[in-house]
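Structural description and commentary
One-letter residues, chain by chain:
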Amino acid sequence: MDWVPSDPPPTPPPAPGSDETGDPALVEAIRAAIAAAGGRITFARFMALALYHPEHGYYLAPERRPGRGGDFLTAPETHPSFGLTLARQLADCWERLGRPRPFTVREYGAGVGGLAYDLIAGLSAEAPAAAAALRYRLIEPNPHRRAQAQAAMAEVGLAETVTAEPEPAAGRDPEPIVGVVLANEVADALPVHRLVWRGGDGGSLRERWATWAGGEFREEERELSPEARAFAPAERLRAAGVALSDGDALEVSPAAAAWFGSLARGLARGYALVIDYGYDTAELYRAHRLAGTLRAYHRHTVGDDPYRRVGAQDLTAHVDFGLLRAAGETAGLDFAGLTTQAAFLTGLGLGQRLVALQAEPGITADEYLATRSAVFRLIDPGGMGRFGVLAMARAAPVEPPLRGFADPAGC
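So, here's what we can say about the structure. (Residues numbered from 1 in each chain as written. Predicted model: local features only at pLDDT ≥ 70, side-chain atom pairs only at ≥ 80, totals over all residues. Heavy atoms only, no water.)

1. Here we look at the packing of helix α4 (residues 81-96) against helix α5 (residues 114-126)
- For the pair α4 and α5, the least separation of the axes is 7 Å and the interaxial angle reads 55°. When the axes of α4 and α5 are compared, the pair comes out oblique. Taken as a pair, α4 and α5 cross one another with a handedness that is right-handed. Side by side, α4 and α5 meet where Phe82, Gly83, Leu84, Leu86, Ala87, Arg88, Leu90 and Ala91 of the first sit next to Leu115, Asp118, Leu119, Ala121, Gly122, Leu123 and Glu126 of the second.
- Classifying every residue of the contact of α4 with α5 by side-chain character gives 10 nonpolar, two polar and three charged. (Axes fitted to C-alpha atoms, helices over the stretch in contact; angles between N-to-C directions. Helix = DSSP H or I, 4+ residues; strand = E, 2+ residues; numbered from the N terminus. Parallel < 35°, antiparallel > 145°, perpendicular 65-115°, else oblique. Left-handed = near helix turned anticlockwise from the far one by under 90°. Contact = heavy atoms within 4.5 Å. Nonpolar A, V, L, I, M, F, W, Y, C, P; charged D, E, K, R; others polar.)

This is the structure:
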């Protein structure tokens, strides 16, 4: 998901029955869930249905969403340089693991395999022996994307190297691998609970629940749900040194912690890399972000109303990298670094790659300028360059720092 540096202007509610209300079948399914739950559901449940309903959810739709013609632009879609450069980190991991065979990369949220293709191309150029040992597993919940990915890999002769697989069933961890687990812009779309602080120093958190009234989705502020209460958000924030004032709004994601814990347990030996927009806990919940970070994306336009275009717009919230780190450590992983995408890609030699491109035979001025523009976008500190990159390890060396984390710039 592309990062937006400032809060968008408020968007007016849609007229009942208009196209802006979204997919009627999905709206009805969520209404039924609200009715079955006694008139309200957590926003996390609403978000899970809006994005991942098996028939009508945004991410399960037959049509592709990411890209310049879709609703948002991810780093791999920006330019192949992202994947080609990231391949250098995979080569570094392979060396540190003692050159295992097979060397497995499990990529979550893999889509049609665009990043996988660039990574394999980069690894083939940077470390042919690692590429020869590679087994690449695309983890993608959308069956349409899996089929497209498998067909595309077969077309380019990678059917023996790449497999496209669904996510593990709920409550089941993936088969442990030796290699690298990769998640690029996945955690931001995991369901969140929307909370608000009421009172001063002696106050407490309340939860914003989703309801249906007057022909539209609305919110109702009530006590914390059992899921949110079990997550102990107030205690977590206090431990991170976060102080809240009356009316401060925030999101927390027990789903992200559970996801990363499962991801970690699926790593027998190796490294986990998470790339997304977000911050460590204390930085994420600073005052200027305490209006909440939940955003909706539709046709490259950002909004702040999650109840519009249900099933036709993406919903995301900034990632709490402190939460992911804690979940990883609980699952037995060691912290290996947290930095920005700009520092990460720079440490992997993205700048040198751009310089070398000038000397490539046949490169035209237009091609070079287009690549340079894309590279600047990837490392722009006011945009994608501000994304966070978290590395964790199991039974693998973390010193000296991984190649992409040699720059001490923090996140």
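Still more ground to cover, so stick around.
2. Regarding the environment of Gly383
- Turning to its location among the elements, Gly383 is positioned in the loop between α15 (365-379) and β17 (388-394).
- It is 32 Å that separates the C-alpha atoms of Gly383 and Arg265, two residues lying 118 residues apart in sequence.

3. Examining the side chain of Asp314
- Structurally, Asp314 can be placed in strand β14 (residues 314-316).
- For Asp314, a relative accessible area of 0% corresponds to the buried category.
- Within polar-contact distance, the side chain of Asp314 engages the side chain of Tyr59 at 2.7 Å. (Buried < 20%, exposed > 50% of the residue type's maximum accessible area, 1.4 Å probe, protein only. Polar contact = N/O pair within 3.5 Å; in protein donor to acceptor, adjacent residues only side chain to side chain.)

4. Some thoughts on the nonpolar core
- Leu123 and Tyr136 are the most contacted members of the largest nonpolar core, which has 54 residues in total.
- No other element matches α4, which puts seven residues into this core.
- Not counting residues up to four positions away in its chain, the partners in contact with Tyr136 are Val105, Glu107, Ala116, Leu119, Ile120, Thr161, Val162, Thr163 and Leu182.
- By size, the runner-up hydrophobic cluster in this structure holds 43 residues, among which are Leu224, Phe260, Val319 and Leu323. (Core = buried A, V, L, I, M, F, W, Y, C linked by side-chain atoms within 4.5 Å.)

5. Regarding the side chain of Thr85
- If you trace the backbone, Thr85 turns up in helix α4.
- In contact with Thr85, other than residues within four places in its own chain, are Leu345, Leu348, Leu350 and Arg353.

6. Details of the sheet that holds strand β16 (residues 334-340)
- Spatial ordering of the open sheet is given by β4-β3-β2-β5-β10-β17-β16, a layout of seven strands whose pairing is mixed. Looking at which strands have only one partner, the edges of the open sheet turn out to be β4 (162-165) and β16. Taken pair by pair, the neighbouring strands of this sheet meet at an average axis angle of 15°, ignoring direction.
- Where strand β3 (residues 134-139) meets β4, four bridges bridge the pair, whose relative direction is parallel. Paired with Tyr136 across the two strands is Val162, which belongs to β4.
- Those strands touched by α5 are β2 (103-108), β3, β4 and β5 (177-184), and its axis lies near 165° from that of β3.
- Relative to strand β10 (residues 267-276), helix α10 (residues 254-265) is tilted by about 145°, and along the sheet it contacts β2, β5, β10 and β17. (Pairing = 2+ DSSP bridges.)

7. A closer look at the packing of helix α1 (residues 24-36) against helix α2 (residues 43-52)
- Here α1 crosses α2 at 150°, and the two axes come no closer than 10 Å. It follows from the interaxial angle that α1 and α2 lie roughly antiparallel. In terms of crossing hand, the pair formed by α1 and α2 is right-handed. Contact residues: Leu26, Ile30 and Ala33 in α1; Phe46, Leu49 and Ala50 in α2.

8. Let's talk about α4
- If you check α4, its first and last C-alpha atoms are 24 Å apart, about what 16 residues at 1.5 Å a residue would give, namely 22 Å.
- Within α4, 14 of the 16 residues are buried, which leaves it mostly tucked inside the rest of the structure.
- Following α4 by one or two positions, Gly98 has its phi on the positive side, about 85°. (Expected span 1.5 Å × (residues − 1).)

9. Notes on the packing of aromatic side chains
- All told, the structure shown has 12 aromatic pairs when counted by the stated rule.
- Seen from their ring centres, Tyr277 and Phe387 are 5.8 Å apart, and the 40° between their planes marks the pair as tilted. Of this pair, Tyr277 sits in the loop between β10 and β11 (278-279) while Phe387 sits in the loop between α15 and β17, placing them 110 residues apart in sequence. Exposure class is identical for Tyr277 and Phe387. Each is buried.
- In textbook terms, an aromatic cluster arises when at least three aromatic residues are bridged by ring pairs, as seen for Phe43, Phe46, Trp212, Phe217 and Tyr307.
- Above the plane of the ring of Tyr279 lies Arg289, whose end atom (NZ or CZ) is 4.0 Å from the centre.
- One residue, Arg325, lies across the ring of Phe335, its end atom 3.7 Å from the ring centre. (Phe/Tyr/Trp six-rings, centres within 6.5 Å; stacked < 30°, edge-to-face > 60°. Lys NZ or Arg CZ within 6 Å of the ring centre and 35° of its normal.)

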